[in-house]
Amino acid sequence: MSEKVVLLTGGTGGIGSTIKKMLLQNGYTVITPSRQELDLTDRASIKTYVENLPCTIDILINNAGINPINTVENLLMEDVENTFDINLIAPLLLVKEVVPYMKRKNSGNIINISSIWSKVSKAGRSVYSATKSGLDGITRALAVELGEYNILVNSIAPGFVLTNLTRKNNTDEQIDELMKQIPLKRLADPEEIANLVLFLISNKNTYITGQTIYIDGGFTSQ
């Protein structure tokens, strides 16, 4: 069991809530700010929130993200700016705020939740793919920069995950069609994503850093 403190963004979604549940079951203290407490589109809010925390952060999990889908000629600048702010800039600024403590302790772990759309893409995903590709670039750069302080930085890139949102946005027939595209012929369970998070932040992982790990049932290997 762990007594480490985790800051988890996006802790109410299908993947985020499962990560939170699994962390709590394994003895982690988990801080999951609401949108009212932490506005990821407001850079001052990020700094103020971390500075006012009653404890220091051992592990940061950047899970919050948005994915407005639109063709390039119909892009709305508000959507572009919000997607970059939440998916790319906020994770970097949160790292900026928590890393000084991690350096002093000579220990830390940062997990960025990326996506298969950082490696492959489809129509309407130009902005989302750009932010997730950028997040993976940040992961690699920070792994190099922070390695000497024993701070591990990795990305996890889920594929299609069977969450309530997936069920809401797709009919059973559409989900069946998605499964046909995946070599394992099924969608991921959120617990499978959470299990990978748990391993990467645990004492069992002492040497994996700077990686983007695709957990997609083989989808991006096709």
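Please refer to the structure higher up on the page.
The text that follows walks through the structure, step by step, so that each part is easy to find.

Procedures and definitions
- Residues numbered from 1 in each chain as written.
- Predicted model: local features only at pLDDT ≥ 70, side-chain atom pairs only at ≥ 80, totals over all residues.
- Heavy atoms only, no water.
- Salt bridge = Lys/Arg side-chain N within 4 Å of Asp/Glu carboxyl O.
- Helix = DSSP H or I, 4+ residues; strand = E, 2+ residues; numbered from the N terminus.
- Buried < 20%, exposed > 50% of the residue type's maximum accessible area, 1.4 Å probe, protein only.
- Pairing = 2+ DSSP bridges.
- Right-handed = clockwise from strand over helix to strand, strands pointing away.
- Contact = heavy atoms within 4.5 Å.
- 1 Å grid on protein atoms, 1.4 Å probe; cavity = no way out; pocket = protein on both sides within 12 Å on 5 of 7 lines; lining within 4 Å.
- Points joined across faces, edges and corners; volume = space filled by probe spheres on them.

## So, the pattern of salt bridges
Move 1: Per the stated rule, a full pass over the model turns up five salt bridges.
Move 2: Salt-bridge contacts for Asp85 lead to Arg43; the nearest nitrogen and oxygen are separated by 3.4 Å. One end of the pair, Asp85, is in helix α3 (residues 77-105); the other, Arg43, is in helix α2 (residues 43-51), and 42 residues separate them in sequence.
Move 3: Note that Asp58 and Lys105 form a salt bridge whose closest N and O atoms lie 2.9 Å from each other. Pair noted here: Asp58 is in the loop between α2 and β3 (59-62) and Lys105 is in helix α3, with a separation of 47 residues, a long-range link.
Move 4: For Asp58, a relative accessible area of 11% puts it in the buried group.

## Remarks on unusual backbone geometry
Move 1: Phi angles above zero are rare outside glycine, and Asn106 is one such case at about 55°.
Move 2: With respect to the helices and strands, the residue Asn106 is situated in the loop between α3 and β4 (108-113).
Move 3: Non-glycine residue Lys185 carries a positive phi angle of around 60°.
Move 4: One can find Lys185 in the loop between α6 (172-180) and α7 (190-201).

## Some points on the pairing of β3
Side-chain positions along a regular strand alternate between the two faces of the sheet.
Move 1: Residue alternation in β3 divides its side chains into two sets, Ile59 and Ile61 and Leu60 and Asn62, and both sets are buried.
Move 2: By the bridge criterion, four bridges tie β3 to β4 in an arrangement that is parallel. Note on β4: the bridge partner recorded for Ile61 is Ile111.
Move 3: For the crossover that starts at β3, traverses α3 and ends in the parallel β4, the hand is right-handed.

## Observations regarding the environment of Ala157
Move 1: Here Ala157 lies in strand β5 (residues 151-158).
Move 2: The spatial distance from the C-alpha of Ala157 to the C-alpha of Ile215 is 6.0 Å, given a sequence separation of 58 residues.
Move 3: Setting aside residues up to four positions removed in sequence, Ala157 forms contacts with Ser114, Ser115, Ile116, Thr212, Ile213, Tyr214 and Ile215.

## Re empty space enclosed by the protein
Move 1: Evaluation of the coordinates by the stated rule reveals one cavity of 30 Å³ or more.
Move 2: In this structure, the largest cavity spans a volume of roughly 50 Å³.
Move 3: Along its surface, the largest cavity is lined by Pro68, Asn70, Leu75, Leu76, Asp79, Val80, Thr83, Gly124 and Val127.
Move 4: Sorting elements by how many residues they give to the lining of the largest cavity places α3 first, with three residues.

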